[in-house]
Amino acid sequence: MHIMEGFLPLSHALGWYAAAAPFVVAGVRRIRRILREKPEARMTLAASGAFAFVLSALKIPSVTGSCSHPTGTGLGAIVFGPPVMAVLGVIVLMFQALLLAHGGLTTLGANAFSMAIVGPWVAYGVWKLAGRLGLSFAVSVFLAAALGDLATYVFTSLQLALAYPDPASGLVGAALKFGGIFAVTQIPLAIAEGLLTVVVIEALSGKIRDEDRISTLAGKGK
Amino acid sequence: MSVGTLDRAASLNHWRHRALGEKALIGLGFLVLALVLPPWPGAALVAVAVLAFTFLGARVPLRLWLATVVLPLGFLASGGLMLLVQITGDGVSLAPGGAEKAAFLCLRAMAATFCLMFLALTTPMADLFAGLRRLAVPAEIVELALLTYRFVFLIADEAAAMTAAQRARLGHSSRRRWLRSTAMVAANLLPRALARARRMETGLAARGWQGEMRVLSSRVPVCRKTVALVLAVQLAVLLAVVLA
Amino acid sequence: MTAILSATDLHYAYPGEVPALRQLSLGVPTGRKLAILGPNGAGKSTLLLHLNGSLRPDRGAVLLAGKPGDYSRRGLLQWRSRVALVLQDPDDQIFAATVAEDVSFGPLNQGLTDTAARARVQAALAALGIADLADRPPHMLSGGQKKRVAIAGAVAMEPEVLLLDEPTAGLDREGADQLIAVLRQLGQRGMTLVFSTHDIDLALALADDVALFQDGTVLAQGRAETLLCDPALLASAGLRPPVLVELWLAAQARGLCPASGQMPRTPEALMEQLAPAPPALRVAQ
Amino acid sequence: MTAILSATDLHYAYPGEVPALRQLSLGVPTGRKLAILGPNGAGKSTLLLHLNGSLRPDRGAVLLAGKPGDYSRRGLLQWRSRVALVLQDPDDQIFAATVAEDVSFGPLNQGLTDTAARARVQAALAALGIADLADRPPHMLSGGQKKRVAIAGAVAMEPEVLLLDEPTAGLDREGADQLIAVLRQLGQRGMTLVFSTHDIDLALALADDVALFQDGTVLAQGRAETLLCDPALLASAGLRPPVLVELWLAAQARGLCPASGQMPRTPEALMEQLAPAPPALRVAQ
């Protein structure tokens, strides 16, 4: 779920644009550097972005019956790295708004912050941490993807709570309200996304040619 | 609604050949008004105006418009509901003035969504890319967006075909199988997307690609009468709000 | 002639597009091979997706063994166990790491035990003549081999009807000939085959019956021997008879082969009908 | 007969795979239409990728107008301005958001001004008969239309040689016929055409010359009239003559058409050669 067009007041919409900007600009810089060295990486990055878009359109049949979908943030963060994901995420969000009326232009900053910045960084952090703690590959991937997904929605709920604090209990109450409807229902879906990502990454590891290893694109080296 | 529905509608729209500037002035101009003006009567007037441009001007089919508006309405229903209630020490109760707040929020969000839908249903993506270039967005990023756009449809078709093939072999017969099948789609889709990227590289190199992706985009001159009309309507909305 | 599958008055439009099927009626005769013949974009694939319940018509109905299609979750599972679908591009339906693993996908989803599924896989691979490929990873196969793996994946579910979308698309002559031979064998075992094609030569080589498709509807349905020899009817669907049939008709008109002969399905069959002129009567050279 | 492009003793293997081309030599005669004919997987696409410098041979050389190919950045740009390549899948070559934008890509890369490029685009769209599609987004086109857009993108660069990989793959008969007509026109304007195909009927319909391909090498190269009428030679490449030619040879052997006739390229041409037997001598019916 992205925050719909016009749902945030002007000040919040602008604020989230400003907050997301440094991350996106850093991502753009990194991508421009990659493209200067390897112009053909354009195709690979675009294909990856399109893949992320299509993946996010695969509907998960959820318990509550509400329509939800994988965020792909965990997969993206592990395979591409968070800075690149910030830019791909903004592009994907723009297409979701204009091709599916999902999300919005005034809320693009807020959605980018939760979906293309918080989610990937949490997933990436969990992935690195789990690796350092010596957890197995599958468990690390699962935790990264599931928590990345969940973090996205918890953050979205916080964004909504900031905009619309509860008249009686303020920010905390509002966070509970929005979290209750947008994040708690997401727990089974986060678990599903975690499992999904494990299967995808395991299947991928045998399938991607070395030259496609996108970690190189993400500037991580081989 | 599939990925291509709105895109197709925009490409075949009655106003397809109008200048991007005019459509942006309507879509983005009213969007700003919807956010800046007080919801009543501001957003309400914006909604009426933008709907008039959508249906009377661009002649967007009503059925398509209704099918598109369903998804944002779902979000609005659950999000708006949260403004009706409050959490106190004793539990959940109706918030004082919540109904009014929720109604105002709905009004503003709906008006803004109508503006977004106007843009989505009348403006082909090609024009938007040309517009982004003119706005001095880095060329690499516009190219990346353009290629992503192109790949989206190819990859979406592949994903749809794969899903149909799995359904035909009962791949979605239980939740567990569904999860496995969907993961298999994703795992097969990414290498195919990357293989496509490599072939595209060869294909474009054969056309003399040197690292910069220049194309000739046709630019329609802005119609002054239309711009004047739109500005007049926007001014009228502003005045109506100030006077009210 | 009973119809195991039939469609009556189907109407379907993809959201926001012009109708893909319009007032389409069609019967699939049990135990025979039906070609859905028409140009690209005529709605052939859309029809196949209706015949296994993947798409649900806006109007009209699909009947399976005389009963209206059941679109409930359970109903669809049974439907698809009885009516299998093979898409045009085998890469869209081969997922697993090895051929055998991929072919086992359907039987396992049907709820068979591992042992029963393994037997099905072996039988299907043998039927398609690709038992030796069982352990190969799919990306190392040729186009023709992939196509046969995809069909094996459907055959392993032991369906009554096999729907195939453009089965020979992209194959070279040898690959196509091998595939046609395999499909003929499946037909001889009693499986009902329905295949879409824009290639009238494939219809000539394989079909018992032909449904002429144009603009989302069936112009005519009947025996291949009748339809493929009717230039006027074919022309109304924007098609020409197969080269072989055109030449046969021309030779008949010139009295070079008997008017009572059967429609030739292979060049050899036509050559047999071409009577050698007695040496004295040969055209001046 | 001068060769605008030629390959001598080419050898190439994709990394980690068996050789795709072996000791391959071939000449592309200027101003003619050459078919590279062979089964799938024989290395036809790999050869085309060598002919415009996309791949560099492990051994041997590609000569452009008698000079060894220049693989420098500048050299390649010039090479590709003179030798354009159209891939099999048009989706691998069309990237822009509208047809006209896409076709302008090549001319702009050649360094033309906007005005000159615009003129090229219009001329190319007109030559391919798709001027009315200029504003369409590529994903809304049919397969045949996309194919023509991809070719227009190459033609707009005004190359001397046009390389086409399986130009009619996936097209229905009408789409293929239209494309063949367009390619013939390009040939008449003096453009040299090289196309790969596994479809011997396409070679019959379009080619002046044929290079028989198998296992990464050229078995024989010569005039279409000679090669396509040589069943023994074709069999050595795993091919059969086109149905039309088989029947023509059979009719000749039976004395039903003159032994001196020209190889028929269309059913009509064969029918003209089939002499009507005088009524009295018709076969008993």
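The structure displayed is predicted, hence computed values, not measured ones.

A. Here's a closer look at the pairing of strand E7 (residues 161–165) of chain D. All names here are of chain D. With five of its five residues buried, E7 lies for the most part within the structure. Side chains of E7 alternate between two faces, with Val 161, Leu 163 and Asp 165 and Leu 162 and Leu 164 buried alike. One ladder, built from four bridges, connects strand E6 (residues 83–86) with E7; its direction is parallel. From the neighbouring strand, Leu 85 faces E7, where its bridge partner is Leu 163.

B. Here's a closer look at the packing of helix H6 (residues 137–163) of chain A against helix H7 (residues 170–182) of chain A. All names here are of chain A. Relative orientation of the contacting elements H6 and H7 amounts to 135°, with a least axis distance of 8 Å. As the angle between them shows, H6 and H7 are arranged oblique. The chirality of how H6 crosses H7 is right-handed. From H6, Tyr 153, Ser 157, Leu 158, Leu 160, Ala 161 and Leu 162 reach across to H7, where they touch Leu 171, Ala 174, Ala 175, Phe 178, Gly 179 and Phe 182. In the contact of H6 with H7, the residues fall into 10 nonpolar, two polar and no charged.

C. Up close: the nonpolar core. Of all hydrophobic cores here, the largest spans 151 residues; its most connected members are Phe7(A), Phe95(A), Phe30(B) and Phe95(D). In terms of residues, this core owes the most to one element, helix H7 (residues 139–168) of chain B, which gives 15 residues. Filtering out sequence-adjacent residues up to four positions away, Phe7(A) remains in contact with Thr107(A), Leu160(A), Tyr164(A), Phe75(B), Leu76(B), Gly79(B), Gly80(B), Leu105(B), Arg108(B) and Ala109(B).

D. The arrangement of unusual backbone geometry in detail. Of the consecutive residues Trp40(B) and Pro41(B), the connecting peptide bond is found in the cis state with omega at 0°. Within the secondary structure, Pro41(B) sits in helix H3 (residues 39–57). The phi torsion at Ala65(C) lies on the positive side, around 50°, for a residue other than glycine. Tracing the sequence through the fold places Ala65(C) in the loop between strand E4 (59–64) and strand E5 (67–68). A relative accessible area of 44% means that Ala65(C) is categorised as partly exposed.

E. Focus on the arrangement of the chains. The structure contains five pairs of chains in contact, of which chains A and B account for the largest number of contacts. Nothing in chain A touches chain D, and the closest approach of their C-alpha atoms is 10 Å.

F. A look at a nonpolar patch on the surface. Judged by side-chain polarity, Leu235(B), Leu238(B), Leu239(B), Val242(B) and Leu243(B) come together as a nonpolar surface patch covering roughly 520 Å² of accessible area. Taking the relative accessible area as the measure of exposure, Leu243(B) reaches 73% and is therefore exposed.

G. Representation of the interface of chain B and chain A in the model. Taken together, the contact pairs 73 residues of chain B with 74 residues of chain A. When chain B packs against chain A, close to 6,600 Å² is buried across both sides, 81% of that on carbon and sulfur atoms. One can count two salt bridges joining chain B with chain A. A salt bridge links Arg32(A) to Glu140(B); the nearest nitrogen and oxygen atoms lie 3.4 Å apart. Linking chain B to chain A there are 10 residue pairs in polar contact (both at pLDDT 80 or more). Elements supplying a minimum of two residues to the side of chain B that touches chain A: helix H1 (4–12), helix H2 (20–36), helix H4 (62–84), strand E1 (85–88), helix H5 (98–122), helix H6 (125–134), H7 and helix H8 (175–205) of chain B. It is H8(B) that contributes the most residues to the side of chain B that touches chain A, 18 residues altogether. Split into classes, the residues belonging to the side of chain B that touches chain A amount to 54 nonpolar, 12 polar and seven charged.

H. Highlighting the UniProt feature "domain: ABC transporter" (unreviewed entry) in chain C. UniProt records the feature "domain: ABC transporter" (unreviewed entry) for residues 5–240 of chain C in the present numbering. Taken as a whole, residues 5–240 of chain C contains 37% helix and 26% strand, while its terminal C-alpha atoms sit 28 Å from one another.

I. Quick look at the packing of aromatic side chains. Within this structure, the stated rule accounts for 22 aromatic pairs over all chains. Aromatic pair Trp15(B) and Phe118(B): ring centres 6.2 Å apart, planes at 80°, arrangement edge-to-face. Of this pair, Trp15(B) sits in the loop between H1 and H2 while Phe118(B) sits in helix H5; the two residues are 103 residues apart in sequence, bridging distant segments of the chain. With relative accessibility at 0%, the residue Phe118(B) sits in the buried group. Every member of this aromatic cluster is reached through a ring pair, and the members are Phe7(A), Tyr164(A), Phe182(A) and Phe75(B).

J. Structural view of the sheet that holds E6(D). Residues and elements named next belong to chain D. Pairing within the open sheet is mixed, and its six strands lie in the order E6-E7-E8-E3-E9-E10. This sheet does not close on itself; its edge strands, each paired only once, are E6 and strand E10 (217–223). Neighbour-to-neighbour, the strand axes of this sheet turn through a mean angle of 15°, independent of strand direction. Here five bridges tie strand E3 (residues 33–37) to strand E8 (residues 192–197), and the two strands are oriented parallel to one another. In the sheet register, Leu 34 faces E8, and the bridge partner there is Val 194. Across the sheet, helix H1 (residues 44–51) is in contact with E3, E6, E7, E8 and strand E9 (209–214); its angle to E7 comes to roughly 155°.

Procedures and definitions
Residues numbered from 1 in each chain as written. Chains lettered and ligands numbered in written order. Predicted model: local features only at pLDDT ≥ 70, side-chain atom pairs only at ≥ 80, totals over all residues. Heavy atoms only, no water. Buried < 20%, exposed > 50% of the residue type's maximum accessible area, 1.4 Å probe, protein only. Helix = DSSP H or I, 4+ residues; strand = E, 2+ residues; numbered from the N terminus. Pairing = 2+ DSSP bridges. Axes fitted to C-alpha atoms, helices over the stretch in contact; angles between N-to-C directions. Parallel < 35°, antiparallel > 145°, perpendicular 65-115°, else oblique. Left-handed = near helix turned anticlockwise from the far one by under 90°. Contact = heavy atoms within 4.5 Å. Nonpolar A, V, L, I, M, F, W, Y, C, P; charged D, E, K, R; others polar. Core = buried A, V, L, I, M, F, W, Y, C linked by side-chain atoms within 4.5 Å. Patch = residues over 30% accessible without salt bridge, like charges linked within 9 Å, V, L, I, M, F, W, Y side chains within 5 Å. Areas by Shrake-Rupley, 256 points an atom, 1.4 Å probe, with all protein chains shown as cover. Salt bridge = Lys/Arg side-chain N within 4 Å of Asp/Glu carboxyl O. Buried area = accessible area lost by both parts, 1.4 Å probe. Polar contact = N/O pair within 3.5 Å; in protein donor to acceptor, adjacent residues only side chain to side chain. UniProt positions renumbered as here; feature names shortened; annotations may be inferred. Phe/Tyr/Trp six-rings, centres within 6.5 Å; stacked < 30°, edge-to-face > 60°.

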